[in-house]
Amino acid sequence: VQFVESGGGLVQPGGSLRLSCAAFGFTFSSYDMSWYRQAPGKERELVAAITTPGGSTNYADSVKGRFTISRDNAKNTVYLQMNSLKPEDTAVYYCNARGILLFRGHDFWGQGTQVTVSS
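As the structure is a prediction and not an experimental result, all values here were calculated from the model. (Residues numbered from 1 in each chain as written. Predicted model: local features only at pLDDT ≥ 70, side-chain atom pairs only at ≥ 80, totals over all residues. Heavy atoms only, no water.)

Student: Explain the overall build of the protein to me, please; I cannot follow it from the model alone.
Tutor: Counting its regular elements, the protein contains zero helices and eleven strands. In the protein, the order of α-helices and β-strands from amino to carboxyl end is β-β-β-β-β-β-β-β-β-β-β. Its C-alpha atoms give the protein a radius of gyration of 14 Å, near enough to 14 Å, the size a compact globule of 119 residues would have. Along the longest, intermediate and shortest principal axes, the C-alpha atoms of the protein span 45 × 25 × 25 Å. Pairs at least 24 residues apart make up 54% of the contacts formed inside the protein by residues separated by at least 6 positions. If you sum the accessible surface of the protein, you get close to 6200 Å²; carbon and sulfur atoms cover 49% of it. (Helix = DSSP H or I, 4+ residues; strand = E, 2+ residues; numbered from the N terminus. Rg over C-alpha atoms; globule rule 2.2 N^0.38 Å. Contact = heavy atoms within 4.5 Å. Areas by Shrake-Rupley, 256 points an atom, 1.4 Å probe, with all protein chains shown as cover.)

Student: Is there a simple way to think about unusual backbone geometry in this case?
Tutor: Across the chain, the bulk of peptide bonds are trans and the bulk of non-glycine residues have phi less than zero. For the peptide bond that leads from Thr52 to Pro53, omega is 5°, which places it in the cis range. One non-glycine residue, Leu101, lies in positive phi territory at about 55°. Within the secondary structure, Leu101 is located in the loop between strand S9 (91–99) and strand S10 (107–109).

Student: Is there a simple way to think about the pairing of strand S11 (residues 113–117) in this case?
Tutor: On any regular strand, side chains alternate: one points to one face of the sheet, the next to the other face. By the alternation rule, side chains of S11 split into Thr113, Val115 and Val117, which are all buried, and Gln114 and Thr116, of which none is buried. Here S9 pairs with S11 via three bridges, running antiparallel. In the sheet register, Tyr93 faces S11, and the bridge partner there is Thr113. (Buried < 20%, exposed > 50% of the residue type's maximum accessible area, 1.4 Å probe, protein only. Pairing = 2+ DSSP bridges.)

Student: Would you mind showing me how to read the packing of aromatic side chains here?
Tutor: Both the distance between ring centres and the angle between the ring planes are used here to describe each pair of aromatic rings. Following the criterion strictly, the structure yields seven aromatic pairs and no others. Between Phe26 and Phe28, the aromatic rings sit 6.5 Å apart at their centres with planes inclined by 40°, giving tilted as the arrangement. By the burial criterion, Phe26 is buried, and Phe28 matches it. Members of the aromatic cluster, connected to one another through ring pairs, are Phe3, Phe26, Phe28, Tyr31, Phe103 and Phe108. Over the ring of Tyr79 we find Arg18, and its NZ or CZ is 4.0 Å from the ring centre. In this arrangement the basic side chain of Arg44 is found over the ring face of Trp109, its NZ or CZ atom lying 4.7 Å from the centre. (Phe/Tyr/Trp six-rings, centres within 6.5 Å; stacked < 30°, edge-to-face > 60°. Lys NZ or Arg CZ within 6 Å of the ring centre and 35° of its normal.)

Student: I keep staring at the sheet that holds strand S1 (residues 2–6) and nothing clicks. Help me out?
Tutor: Across a sheet, paired strands are connected by hydrogen bonds in the backbone, their directions being either parallel or antiparallel. Taken together, the four strands give an open sheet; going across it, the order is S1-S3-S8-S7, and neighbouring strands pair in antiparallel fashion. Of all the strands in the sheet, just S1 and strand S7 (67–72) have a single pairing partner and so form its edges. Pairs of neighbouring strands in the sheet enclose a mean axial angle of 15°, with direction left out of account. Bridge count between S1 and strand S3 (residues 17–24): five bridges; the pairing is antiparallel. From the neighbouring strand, Phe3 faces S3, where its bridge partner is Ala23. (Axes fitted to C-alpha atoms, helices over the stretch in contact; angles between N-to-C directions.)

Shown next as structure tokens:
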């Protein structure tokens, strides 16, 4: 199992970034996908999640209306579009895959990508 996360970086407040997480080595379409983040000194928290196969989404209150999670099962990739970024969005962002049905109990994590929001 391997993830390739990309799209992180330094952005000014009010700016946008798009994170990507390409997955390899498992049946992507059989896994719910999520983005988590962890800021220094804080616990890891759920940012957004998207189910399979229906694509239902769920967001943390702090990012509702600003972030959008999506997935492309043909490309085995999950995305996080982040708009109107705030300094408090600064964190390491991780993608997560959680298996359903026959794959229930499988739980995989990406290596993380740094997002820094600062002027």
